[in-house]
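Chain by chain, the residues run as shown.
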Amino acid sequence: MPLTPCRLGVNVDHVATLRQARRAVYPDPVTAASLAELGGAEQITVHLRLDRRHISDRDLQILRQTVQTPLNLEMAVEEEMLRIATEVRPDTATLVPERPGEVTTEGGLDVVAAEARVREAVSRLAEAGIFPSIFIDADPAQIEAAVRAGARQVEIHTGPYSSARSEEERQAHLARIREAARLARQAGLRVAGGHGLNYVNVIPVASTPEIEELNIGHAIVARAVLVGMERAVREMVDLIARARA
Ligand code: PXP
């Protein structure tokens, strides 16, 4: 039986990382989001971090006005972010853990440990008309807690699968992801996945029938830099040559 389609959500955070490396105005994640949509992205995802290291409040506001596909805001379970989300109203909000100083999101949100706080956040998001999703580890206890907290979707953390050091370890993580996806779907949740996925490792995850959405960022932005390099250099060479003509 053919599988139902799996949406690609493109995370444009690292376009903003490149901009912030020089505190410049380019490259603009807003432009990147439009181009990603032209390329077939079915969702745009951004993480407005508490330290604003890449995506800014301005980016989020403009993206809300310009993105034509659903906009998914990844956010910490913090009052400041809840206030911003309920004002800006992304289509989906994905609750993620955030640790100051971390290079990237390190694990799923521990819903079991913070159930009451997560439940309250989910309820505020849902009341504002935002589809509530929670980023969790591939762990049945977290799925059960996400259901109790009122989530409508879980995004399963694919980071441990992506960073596995051996084929055996990778297969074990894949089996966990697939079982978690099955349980989450059985519990009535929509199922997404993401973190660390790239052009080499995406296929086994994308072929998991219950996973309806994948959010991918770093690998796509990294590839865009490389596949666009030749043209970018040629354009600068031509410009310099024209100045000497
Ligand atoms: N999903 C979630 C919840 C994330 O926090 C991230 C990273 O911001 C991603 C997906 C995308 O991960 P990557 O940039 O490794 O593709």
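Here the structure is shown first, and the text comes after it.
Cut-offs and rules
Residues numbered from 1 in each chain as written. Predicted model: local features only at pLDDT ≥ 70, side-chain atom pairs only at ≥ 80, totals over all residues. Heavy atoms only, no water. Helix = DSSP H or I, 4+ residues; strand = E, 2+ residues; numbered from the N terminus. Buried < 20%, exposed > 50% of the residue type's maximum accessible area, 1.4 Å probe, protein only. Contact = heavy atoms within 4.5 Å. Pairing = 2+ DSSP bridges. Axes fitted to C-alpha atoms, helices over the stretch in contact; angles between N-to-C directions. Near = heavy atom within 4 Å. Polar contact = N/O pair within 3.5 Å; in protein donor to acceptor, adjacent residues only side chain to side chain. Areas by Shrake-Rupley, 256 points an atom, 1.4 Å probe, with all protein chains shown as cover. Nonpolar A, V, L, I, M, F, W, Y, C, P; charged D, E, K, R; others polar. Left-handed = near helix turned anticlockwise from the far one by under 90°. Expected span 1.5 Å × (residues − 1). Arc of directions from axis to C-beta.

Chemist: Could you clarify how one ought to interpret the environment of Ile216 in this entry?
Modeler: Relative to the helices and strands, Ile216 is located in strand 8 (residues 213-216). Ile216 gets classed as buried once you look at its relative accessible area, which sits at 10%. Spatially, the C-alpha atoms of Ile216 and Asp91 are 18 Å apart, while their sequence positions differ by 125 residues. Beyond its immediate stretch of four places on either side in the chain, Ile216 contacts Leu8, Gly9, Val10, Asn11, Leu197 and Val202.

Chemist: Before we go on, may I ask you to explain the sheet that holds strand 5 (residues 131-136) in this structure?
Modeler: Strands pair in a sheet through their backbones, by hydrogen bonds, and they do so in one of two ways: parallel or antiparallel. Judged by pairing direction, the barrel is parallel, and its eight strands sit side by side in the order 1-2-3-4-5-6-7-8 before closing back on the first. Sheet twist, expressed as the mean angle between neighbouring strand axes with direction ignored, is 25 degrees. In this sheet, strand 4 (residues 92-95) lies alongside strand 3 (residues 71-75) in parallel orientation, the contact comprising four bridges. Paired with Asn72 across the strands is Thr92, a residue of strand 4. Against the sheet, helix 3 (residues 57-66) engages strand 2 (43-47) and strand 3, with an angle of about 155 degrees to strand 3.

Chemist: How should I be thinking about the site of the ligand in this particular structure?
Modeler: Every one of the 13 residues lining the ligand counts as a neighbour, but Glu74, Glu155, Gly196, Gly217 and His218 are closest to it. Contact between the ligand and Asn11: an oxygen atom at 3.4 Å from a side-chain N or O atom of the residue. Between Gly196 and the ligand, the recorded distance is 2.8 Å, taken from a backbone N or O atom to an oxygen atom. Protein contact buries 94% of the 400 Å² of open area that the ligand shows by itself. In terms of residue class, the shell around the ligand is made up of three nonpolar, seven polar and three charged.

Chemist: Help me out: how do you make sense of the packing of helix 2 (residues 29-38) against helix 3 in this one?
Modeler: When two helices pack together, their arrangement is given by the angle between the helix axes and the distance between those axes. It is at 9 Å that the axes of helix 2 and helix 3 come closest, and there the two elements cross at 35 degrees. Crossing hand, helix 2 versus helix 3: right-handed. Facing helix 2, whose interface residues are Pro29, Val30, Ala33 and Glu37, helix 3 presents Arg58, Asp59, Ile62, Leu63 and Thr66. In the contact of helix 2 with helix 3, the residues fall into five nonpolar, one polar and three charged.

Chemist: In this structure, what is going on with helix 5 (residues 115-127)? I would like to understand it.
Modeler: Turn by turn, an α-helix covers 3.6 residues, leaving residues three or four places apart pointing in a common direction. Between the first and last C-alpha of helix 5 there are 18 Å, a value that for 13 residues agrees with the 18 Å anticipated at 1.5 Å per step. Buried within helix 5 we find Glu115, Val118, Ala121, Val122 and Leu125. Each buried residue of helix 5 lies within a common arc of 130 degrees when the element is viewed along its axis, so the set occupies one face. Summarising the geometry of helix 5, the exposed residues directed more than 90 degrees from the buried face are Ala116 and Glu127. Among the structural elements, strand 3, helix 4 (79-88), strand 4, strand 5 and helix 6 (140-148) are those in contact with the buried residues of helix 5. Gly129 sits one or two residues past helix 5 and shows a positive phi near 85 degrees.

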